[in-house]
Amino acid sequence: GAGVSQSPRYKVAKRGQDVALRCDPISGHVSLFWYQQALGQGPEFLTYFQNEAQLDKSGLPSDRFFAERPEGSVSTLKIQRTQQEDSAVYLCASSPNTDTQYFGPGTRLTVL
Amino acid sequence: DQQVKQNSPSLSVQEGRISILNCDYTNSMFDYFLWYKKYPAEGPTFLISISSIKDKNEDGRFTVFLNKSAKHLSLHIVPSQPGDSAVYFCAAKDGRAGSYQLTFGKGTKLSVIP
């Protein structure tokens, strides 16, 4: 079956540019998570959706980061006015509950 | 303050031998633990999990052991194969209501030598 997909796989942005990263979760999965992974680190939690409701956004590093999942399926993570410290791999995960999470391949964002 | 620690950044093992990857945690509210395997340029792939009500879970060549009193878990891979070479992440979930996120360690890079 199809897993979690993310697009684009790679994104290069100039500092100050806005970017949008897309996540297509596994069909029927209620829970959707975004994580940020810096080089040499483990993934760090950004935000969580249960269907279309954003239940936890405590991990978003600043108000430049915004996520949505309007119809309870596809999700978009938007970063406004990108900074060099935003360079990382952004991982999306989905789950039928909230225990085991299944990850997509990630989007590698490089901010120049 | 790292709540999940993988103190060995790397590990080399001969093919056919046992690989043991270790993980320590500090948060006593963690009640569900997972191991993920990650190849370069791919997302983490779920391997095996264990609930805090158990002390062992086995799936084929992979076994996870949980020692709650020591706040320690380990992943055993027997026998190790070259295809097991990857970065392994330990992750934990807080059992309290309203807590959904996984907390990850920094990973251990396993190299299985043919």
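Values in this document were obtained by computation on a predicted structure and should not be read as measured data.

(A) Summary view of the sheet that holds strand E8 (residues 75-79) of chain A. All names here are of chain A. Taken in spatial order, the four strands of this open sheet run E1-E3-E8-E7, and their pairing is antiparallel. Where the open sheet ends on each side, the last strands, each with one partner, are strand E1 (5-7) and strand E7 (65-68). The average angle at which neighbouring strand axes cross in this sheet is 15°, direction not considered. Where strand E3 (residues 19-24) lies against E8, five bridges are found, and the strand directions are antiparallel. Bridge assignment links leucine 21 to a residue of E8, and that residue is leucine 77.

(B) A look at the sheet that holds strand E7 (residues 62-67) of chain B. Residues and elements named next belong to chain B. On the basis of which strands lie adjacent, the open sheet formed by five strands has the order E1-E3-E8-E7-E6 and antiparallel pairing. Two strands close off the open sheet at either side, each with one partner strand: strand E1 (4-5) and strand E6 (56-59). Two elements, E6 and E7, share four bridges in a ladder whose sense is antiparallel. Counted as the bridge partner of lysine 56 is phenylalanine 65 from E7.

What counts and how
The numbers attached to residues start from 1 for each chain and follow its sequence in the written order. Labels follow written order: the first chain is A, the first ligand is 1, and so on. Under the rules for a predicted model, residues below a pLDDT of 70 receive no local features and side-chain atom pairs below 80 are neither given nor counted, while totals for whole chains, interfaces and linings still include all residues. Heavy atoms from the whole structure form the basis of all side-chain values; hydrogens and water molecules are not counted. Following DSSP output, two strands are said to pair if at least two bridges run between them. Note on conventions: DSSP H or I runs of at least 4 residues are helices, E runs of at least 2 residues are strands, and numbering of each starts at the N terminus. Every axis corresponds to a line fitted to the C-alpha atoms, with the helix fit spanning only the stretch in contact, and the corresponding angles, defined between N-to-C directions, vary from 0 to 180 degrees.

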